[in-house]
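The residues making up each chain are set out below.
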Amino acid sequence: MNANNALNEDLLAATKVSISMMDAINAAVKEVSGIPVAAEFENSDGEGAEARWFIEIISGNAAIDLEVDATTGKVTRLADEPIEGDVIQGEEASSTEVPLEKTDK
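Cut-offs used in this document
Each chain has its residues counted from 1, running along the sequence as written. pLDDT decides what is reported in this predicted model: residues at 70 or higher carry local features, side-chain atom pairs at 80 or more are listed and counted, and totals for whole chains, interfaces and linings draw on all residues regardless. Each side-chain value is derived from all of the structure's non-hydrogen atoms; neither hydrogens nor water enter the calculation. Three labels apply to residues, based on accessible area from a 1.4 Å probe with only protein chains included: buried if under 20% of the type maximum, exposed if over 50%, partly exposed otherwise in between. Numbering of helices and strands runs from the N terminus; a helix is a DSSP stretch of H or I covering at least four residues, while a strand is a stretch of E covering at least two. Here the arc refers to the directions that run from the helix axis out to each C-beta atom. For two strands to count as paired, DSSP must find a minimum of two bridges between them.

Caption draft 1: Summary view of helix α2 (residues 21–31). Within the span of α2, buried status applies to A24, I25 and A28. One side of α2 holds all its buried residues, which, seen down the axis, span an arc of 100 degrees.

Next comes the structure, spelled out in structure tokens:
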């Protein structure tokens, strides 16, 4: 099976499961408070019976990976990974102001 067929099967399965991406994100945030930063759908059997959402949440100084069953909505905590670097320090990336262009019409 090529990558396009697998993607098409996952997209079709994602439309047929009872737990949408937003439902999965909401369930994950109820389990772990924080900011959801990524959501990914996986359908290992091609039919949707073993479909699941993988949600990543930033909570405090950790990235929390959760799995949400796309059929039942059951949430399983998979991993907690500490975040290193500027995010923990609260440093923001430097920004450069870009002047707005004046339009005369």
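The structure having been displayed, the exposition proceeds.
Caption draft 2: Representation of the pairing of strand β2 (residues 51–59). One ladder, built from 8 bridges, connects strand β1 (residues 35–43) with β2; its direction is antiparallel. From the neighbouring strand, P36 faces β2, where its bridge partner is I57. Bridge analysis of β2 against strand β3 (residues 62–69) gives 8 bridges, and the strand direction is antiparallel. Opposite I57, over in β3, you have I64 as the bridge partner. Joining the antiparallel neighbours β2 and β3 is a turn of 2 residues, in which G60 adopts a positive phi near 65 degrees.

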